[in-house]
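# Observations on the three-dimensional arrangement
Listed below are the residues making up each chain.
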Amino acid sequence: MPDLKQDRAVHTRQRLLMAAAELFDEHGYRGTNVADIAKRAGLTLGALYFHYGNKRGVAEAVMNSQPQAIEPLLQSEGVQHVIDITMVWARRLQVDPLLRAGVRLAVEQRSHDMSDPTSFNNWAAIMAGYLQEARDNGELRPEVDPAALARFVVGACTGVQLYSQLVSCRADLMDRTCEMWQILLPGITSEETRARLVVDPARGCTE
């Protein structure tokens, strides 16, 4: 019985999370209210308040859910893994409302009185781990600091997707992400390492 109750709770949270993501993606934080989230999820307001507390709570959950939507899909290591994170992220921004809403909330949070760097810090920490692995394996130039590079990649991806959103509604995001790596890799890796790295939009297709 406890497992059944736990499964039901997980399912309820996921329904609320997806409903909130769709609405945040469509209308932003200020244009979304808790009643609409509950209605789209087919649940009660009480369920939303029980699982997430309030609109801010569910917004934070959406905003910070990005790694769980991407990391389980990847099998690569080192620099290739970081490249693959960005390629899958770019692809899923084109098709996944949960990821789009998370990015929108993270970027726009100052406009609705939030200041939570968790989503950016989580990505930087994940990337730093793989980049440290890359450095230990001789993939990075000796002067490259994995943590600093991770922070830079997170910031660069944020800027690239904003640019792409404005100029093409993200239709060219995969190409722009590839360009980012083509410019960045010569400064952080050796020619030998670059020769075996794959920077291609196909890396973002996990279906």
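Presented here is an overview of the structure given in this document. Remember, predicted model here, so these are calculated numbers, not experimental data.

### Structural notes on the pattern of salt bridges
- In this structure the tally under the stated criterion is 9 salt bridges.
- For Arg92, the salt bridge is made with Asp96, and the minimal N-O distance between the two is 3.1 Å. Accessibility classification places Arg92 together with Asp96 in one group, the buried group.
- The partner of Arg176 in a salt bridge is Asp172, with the nearest N and O atoms 2.8 Å apart.
- Three or more residues are tied together by salt bridges with common partners; here these are Glu22, Glu26 and Arg40.

### Regarding the packing of aromatic side chains
- Per the stated rule, a full pass over the model turns up 1 aromatic pair.
- Centre to centre, the rings of Phe24 and Tyr29 are 5.9 Å apart; their planes meet at 10°, and the pair counts as stacked. The two residues Phe24 and Tyr29 agree in class, both being buried.
- In this arrangement the basic side chain of Lys55 is found over the ring face of Tyr29, its NZ or CZ atom lying 4.2 Å from the centre.

### So, the side chain of Thr177
- Here Thr177 is to be found in helix H10 (residues 173-188).
- Leaving out residues up to four positions away in the same chain, Thr177 has contacts with Thr86, Met87, Ala90 and Val160.

### Looking at a nonpolar patch on the surface
- Taken together, the side chains of Tyr163, Leu166 and Val167 present a nonpolar region at the surface, about 360 Å² in accessible area.
- For Val167, the position within the fold is in helix H9 (residues 146-168).

### Side note on the nonpolar core
- Ranked by internal contacts, the top residues of the largest apolar core, which has 37 residues, are Val79, Trp89, Leu140, Leu149, Val153, Trp181 and Ile188.
- Listed by contribution, the elements that provide at least two residues to this core are helix H6 (78-95), helix H7 (97-108), helix H8 (118-136), H9 and H10.
- No other element matches the 9 residues that H6 contributes to this core.
- Leu17, Phe24, Leu98 and Ala101 belong to the second-largest nonpolar core, a separate cluster that totals 22 residues.

Definitions and cut-offs
- Counting restarts for each chain, with residues numbered from 1 along the sequence as it is written.
- Reporting of local features is limited, given that this is a predicted model, to residues whose pLDDT is at least 70; pairs of side-chain atoms are given and counted only at 80 or more, and all residues count toward the totals for whole chains, interfaces and linings.
- Hydrogens and waters are ignored; side-chain quantities use all the structure's heavy atoms.
- Any Lys or Arg side-chain nitrogen found within 4 Å of a carboxyl oxygen on Asp or Glu counts as a salt bridge.
- Categorising residues by exposure relies on relative accessible area from a 1.4 Å probe, with only protein chains included: less than 20% of the type maximum marks a residue as buried, more than 50% marks it as exposed, and the intermediate range marks it as partly exposed.
- The rule is short: rings of Phe, Tyr and Trp, with Trp giving its six-membered ring, pair when the centres are within 6.5 Å, and they are stacked under 30 degrees, edge-to-face over 60, tilted in between.
- Note on geometry: a ring has a charge over it if NZ (lysine) or CZ (arginine) is within 6 Å of the ring centre and within 35 degrees of the ring normal.
- Only DSSP runs of H or I reaching four residues or more are called helices, and only runs of E reaching two or more are called strands; each is numbered from the N terminus.
- Contacts: residue pairs with any heavy atoms within 4.5 Å of one another.
- For patches, a residue must show more than 30% relative accessible area and have no salt bridge; joins then use 9 Å for like charges and 5 Å for nonpolar side chains, namely Val, Leu, Ile, Met, Phe, Trp and Tyr.
- Values of accessible area rely on a 1.4 Å probe in the Shrake-Rupley scheme; residue burial ignores everything except the protein chains shown.
- Nonpolar cores are built from buried Ala, Val, Leu, Ile, Met, Phe, Trp, Tyr and Cys residues. Side-chain atoms within 4.5 Å join them into one set.

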